[in-house]
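Remarks on the overall topology
Chain by chain, the residues:
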Amino acid sequence: MLLTTFAAVLLPHLLKTQFDQVRPDRRTVRGHLHGIPLSGKALDAFPSGHAVHVGALASAATELRPAKRNLVWAIGAVLVSTRIVLLAHWASDVIAGLAIGAVLERLMRRLTGFGRSG
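As a starting point, this report considers the structure included with it. (Residues numbered from 1 in each chain as written. Predicted model: local features only at pLDDT ≥ 70, side-chain atom pairs only at ≥ 80, totals over all residues. Heavy atoms only, no water.)

Inspection of every chain in the model, using the stated rule, returns three salt bridges. Between Glu63 and Arg109 there is a salt bridge, and its shortest N-O distance comes to 2.9 Å. Taken together, the residues span a long stretch of sequence, with Glu63 in the loop between helix H3 (49–60) and helix H4 (66–85) and Arg109 in helix H5 (residues 91–112) at a distance of 46 residues. Owing to a relative accessible area of 11%, Arg109 belongs among the buried residues under this scheme. Of the charged contacts, one joins Arg109 and Glu105 as a salt bridge, the two residues approaching to 2.7 Å between their closest N and O atoms. In this pair, Arg109 and Glu105 are both assigned in helix H5, four residues apart and thus about one turn of the helix distant. There is no split in this pair, since Arg109 and Glu105 are both buried. One network of salt bridges, in which partners are shared, links Glu63, Glu105, Arg106 and Arg109. (Salt bridge = Lys/Arg side-chain N within 4 Å of Asp/Glu carboxyl O. Helix = DSSP H or I, 4+ residues; strand = E, 2+ residues; numbered from the N terminus. Buried < 20%, exposed > 50% of the residue type's maximum accessible area, 1.4 Å probe, protein only.)

So this is what it looks like as structure tokens:
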């Protein structure tokens, strides 16, 4: 889990250097009039780093018992949806971030053996 967390911290920063997507909060004035703050650098919309983290943790949570797994998924869904509501990311940035995080965690499982029984 620790290695996956470190990878989930680094990967969004690396991807943001390759993709220059404008954040939605830079394309609206109306949101700012209603209290939406500016978030991060203007061209760092893709992918959502929060979503990469949540995707990795939710993927790892599949090893937990159903009640705890469902709690992780519910909290994660609320967290990543705030990124869209606050205009920090486009919905596609969040969905891609979740997928990237899940794939990252599954790749790290192969390297570390996490989740293997016996």
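The subject of this paragraph is a nonpolar patch on the surface. Taken together, the side chains of Leu2, Leu3 and Phe6 define a hydrophobic patch exposed on the protein surface, amounting to about 340 Å² of accessible area. Along the chain, the position of Phe6 falls in helix H1 (residues 2–18). (Patch = residues over 30% accessible without salt bridge, like charges linked within 9 Å, V, L, I, M, F, W, Y side chains within 5 Å. Areas by Shrake-Rupley, 256 points an atom, 1.4 Å probe, with all protein chains shown as cover.)

With 20 residues, H4 extends 28 Å between its outermost C-alpha atoms, agreeing within 8% with the 28 Å of an ideal straight helix rising 1.5 Å per residue. Inspection of H4 places Gly76, Val80 and Arg83 among the buried residues, and these make up the whole buried set. Buried residues of H4, seen end-on, are gathered within an arc of 30° and therefore sit on one face of the element. The outward face of H4, more than 90 degrees from its buried face, is lined by the exposed residues Ala67, Leu71, Ile75, Val78 and Val85. (Expected span 1.5 Å × (residues − 1). Arc of directions from axis to C-beta.)

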